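Examination of the molecular architecture
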Number of protein chains: 2
Amino acid sequence: MSVDYSSMCPRYEAAAALLGKKWVGLIIRVLMAGPKHFGDFRCQLPQLSERLLSERLKELEEHGIVARTVLESRPVRVEYRLTDKGRDLEPVVRTIQEWAETWY
Amino acid sequence: MSVDYSSMCPRYEAAAALLGKKWVGLIIRVLMAGPKHFGDFRCQLPQLSERLLSERLKELEEHGIVARTVLESRPVRVEYRLTDKGRDLEPVVRTIQEWAETWY
């Protein structure tokens, strides 16, 4: 097996560390069903506090995984959706989940 | 999409958090090539300190991902290998790596 360890290390670890943060996997799974408003997360993940939800959405936005759009409505509403980079996480989240379900 | 959020959460997060720990992905990849002695890791991952390597191998053993065998040799040697649970991580580590290479 040929592995370029030097190049694997920082990128793999940045990705895996983000995916391992509390609630990140679940927020991504909720968004896989389609764009969501802030309140939709509160409905689907009632145990997640508003403060932590905001924080995680901001981190995911900074990583280019989630896009945030302010809708021109009254009252103003904010919509969150996965970017292409975010949608590409589907098999990643799924394989982690499958492994965890089989072995934990 | 039907998602059982309550059951996903703790198991997924335990798995993802472990995989996101520094060096864990690389140690698993080294072991995918076959059983290894302690010194083999030092060769293949020269930037990983002995202290941290011991710590990570112990964690992986506690998670049932790595098995440790003391070989009856002189001097005594210790061999590390992946368990079935550990080998099953191959597609997980690979999809994380592929996503990270594509997007980071």
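Below is a short write-up of the structure. Just so you know, these numbers come straight off a predicted model, no measurement behind them.

Let's talk about the sheet that holds strand 2 (residues 66-71) of chain B
All names here are of chain B. Strand order in the open sheet made by the three strands is 1-3-2, with antiparallel pairing throughout. With one partner strand each, in any of the chains shown, strand 1 (36-37) and strand 2 form the two edges of the open sheet. Here strand 2 pairs with strand 3 (residues 77-82) via six bridges, running antiparallel. When the sheet's bridge partners are listed, Val70 is paired in strand 3 with Val78. Where helix 2 (residues 24-32) meets the sheet, it contacts strand 1, strand 2 and strand 3, and its direction lies at approximately 95° from that of strand 3.

Section: the nonpolar core
Soluble globular proteins: nonpolar side chains tend toward being buried together. Ile27 and Ile96 of chain A together with Ile27 and Ile96 of chain B are the most contacted members of the largest nonpolar core, which totals 59 residues. Residues within four places of Ile96 of chain A in sequence aside, it is in contact with Leu19 of chain A together with Tyr12, Ala15, Ala16, Val92 and Ile96 of chain B.

Rules behind the numbers
- Residues numbered from 1 in each chain as written.
- Chains lettered and ligands numbered in written order.
- Predicted model: local features only at pLDDT ≥ 70, side-chain atom pairs only at ≥ 80, totals over all residues.
- Heavy atoms only, no water.
- Pairing = 2+ DSSP bridges.
- Helix = DSSP H or I, 4+ residues; strand = E, 2+ residues; numbered from the N terminus.
- Contact = heavy atoms within 4.5 Å.
- Axes fitted to C-alpha atoms, helices over the stretch in contact; angles between N-to-C directions.
- Core = buried A, V, L, I, M, F, W, Y, C linked by side-chain atoms within 4.5 Å.
- Buried < 20%, exposed > 50% of the residue type's maximum accessible area, 1.4 Å probe, protein only.

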